[in-house]
Amino acid sequence: MFNDIGALELVTIVVLAILIFGPDKLPKVIQDVTGFIRKVRAFSDNAKQDIRSELGPEFKDFEFEDLNPKTFIRKQLSENEDVKEIRNSFDLRKELNDVTDAVNGRESDVAPAAPASAGASATPAGTGPDMLKKPAAPAADQRSPFDADAT
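Just to check I follow, could you spell out the overall build of the protein for this structure?
Across its full length, the protein holds four helices and zero strands. Reading the secondary structure of the protein in the N-to-C direction produces α-α-α-α. Put simply, 7% of the contacts in the protein that link residues at least 6 apart link residues at least 24 apart. Surface summary for the protein: the accessible area is close to 14,100 Å², and the carbon and sulfur share equals 60%.

Here's what the structure looks like:
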């Protein structure tokens, strides 16, 4: 519950408690707060036991933490055999490598070597087009018609 309280916050709370309640009443306040927390926990435990007894034997392994959506989904996904099969058959690293190769213009298999007679403008084997270089402007007959009303 208080896992994220640091030392500075704890010192601040203690100083404020001493200023608000005073050193004389502070032990009594701490006793009252801890007693209240114990009563709330006991009430919660009794309510859980009553609910379990009312649900019957078919819900003997029911846990209230399973009602948390994250826990429920995690439990359902880990118990489902179809999801396990899909998870085992899917190789994310291979899929990412295939996508990277497609983006870079390489084939996922071994790329063939470029012929020696290719001109100086040819790119080396295994590399894709230069993405930083602007493409050459198309010829006038290759350009699409410009419609000022459509843009």
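Looking at this structure, I do not really get the pattern of salt bridges. What am I missing?
Side chains that differ in sign of charge can pair as their charged atoms come close. Enumeration according to the criterion identifies two salt bridges in this entry. With its nearest N and O atoms 3.2 Å apart, the salt bridge here joins K28 to D32. Pair noted here: K28 and D32 are both in helix α1 (residues 7–55), with a separation of four residues, about one helical turn. When its relative accessible area of 43% is taken as the criterion, D32 is described as partly exposed.

Help me understand the environment of F62 in this model?
You can see F62 is positioned in the loop between α1 and α2 (69–79). When the C-alpha positions of F62 and R52 are compared, they lie 7.7 Å apart, and in sequence the two are 10 residues distant. What F62 contacts, discounting residues up to four positions off in sequence, is R52, L55 and L67.

What is the right way to read a nonpolar patch on the surface from this model?
On the surface, V11, V15, L16, L19, I20 and F21 cluster together into a nonpolar patch covering about 600 Å² of accessible area. Of note, F21 is situated in helix α1. Judged by relative accessible area, which is 39%, F21 ranks as partly exposed.

Conventions and cut-offs
Residues numbered from 1 in each chain as written. Predicted model: local features only at pLDDT ≥ 70, side-chain atom pairs only at ≥ 80, totals over all residues. Heavy atoms only, no water. Helix = DSSP H or I, 4+ residues; strand = E, 2+ residues; numbered from the N terminus. Contact = heavy atoms within 4.5 Å. Areas by Shrake-Rupley, 256 points an atom, 1.4 Å probe, with all protein chains shown as cover. Salt bridge = Lys/Arg side-chain N within 4 Å of Asp/Glu carboxyl O. Buried < 20%, exposed > 50% of the residue type's maximum accessible area, 1.4 Å probe, protein only. Patch = residues over 30% accessible without salt bridge, like charges linked within 9 Å, V, L, I, M, F, W, Y side chains within 5 Å.

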